[in-house]
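Examining the three-dimensional arrangement
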Amino acid sequence: MNDSFQLVRAIIRRKRKLYCFFLISKGESIANENAEIKADLTDACREARLAGEAIKRITCVEHDASGKPVCVTDRQSMVQAARGLLSAVTRVLLLADMVVVKQIVHIKKKVMSTLNRLETVTSFSEFVKLFSVYGSQMVELAHLTGDRQNVIGHFQIEIDDF
């Protein structure tokens, strides 16, 4: 194998490892904060870690003293490992998204309730107080939706590097 191929392969291995680490650490963090899905999300993170390790083992390229590769990737094993990683990562993302959607729906209900209460205020001081609550809730909603977009944007920027 030529040097440029080896370099590309090394970059892909490093990126895969970073993505897996980032995703698994985020998933474990979300799992620890959400008891209702902790078991499922922890299991999905474990599967993703194992699948990532399987790909690492399969794609390792070491050379013996004469420069010949010691570890050669067989196509079928790589396909199975890639499918396993994709499945585990998809499961982590879906479970994490369930939590985010639940949080967004919850804050949306709070915002709607505050807006309904704003329509019935009878004094200016009550209006100012409720409007302040409304503003805080909108900031919380913006953070929830913005954080999700930042995660998506992080992956898009990294993918565009290739």
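You'll find the structure just up there.
These lines cover the structure that appears in this document, whether it is placed above or below. (Residues numbered from 1 in each chain as written. Predicted model: local features only at pLDDT ≥ 70, side-chain atom pairs only at ≥ 80, totals over all residues. Heavy atoms only, no water.)

1. Section: the pattern of salt bridges
Following the criterion strictly, the structure yields 5 salt bridges and no others. Residue R91 pairs with D43 through a salt bridge whose shortest N-O separation is 3.1 Å. Within this pair, whereas R91 is found in helix α3 (residues 75-118), its partner D43 is found in helix α2 (residues 38-59), the two being separated by 48 residues in sequence. Looking at R91, the relative accessible area reads 26%, which means it is partly exposed. Looking at D43, the relative accessible area reads 25%, which means it is partly exposed. Between R91 and E47 there is a salt bridge, with the nearest N and O atoms lying 2.9 Å from each other. (Salt bridge = Lys/Arg side-chain N within 4 Å of Asp/Glu carboxyl O. Helix = DSSP H or I, 4+ residues; strand = E, 2+ residues; numbered from the N terminus. Buried < 20%, exposed > 50% of the residue type's maximum accessible area, 1.4 Å probe, protein only.)

2. Observations concerning the packing of aromatic side chains
Enumeration according to the criterion identifies 3 aromatic pairs in this entry. For the pair F127 and F131, a centre-to-centre distance of 5.7 Å together with 25° between the ring planes defines the contact as stacked. Highlighted residues: F127 and F131, both in helix α4 (residues 124-160), separated by 4 residues, approximately one helical turn. Residue classification places F131 among the partly exposed residues on the basis of a relative accessible area of 44%. Geometrically, the ring pair formed by F131 and Y134 is tilted, given 5.7 Å between the ring centres and 45° between the ring planes. (Phe/Tyr/Trp six-rings, centres within 6.5 Å; stacked < 30°, edge-to-face > 60°.)

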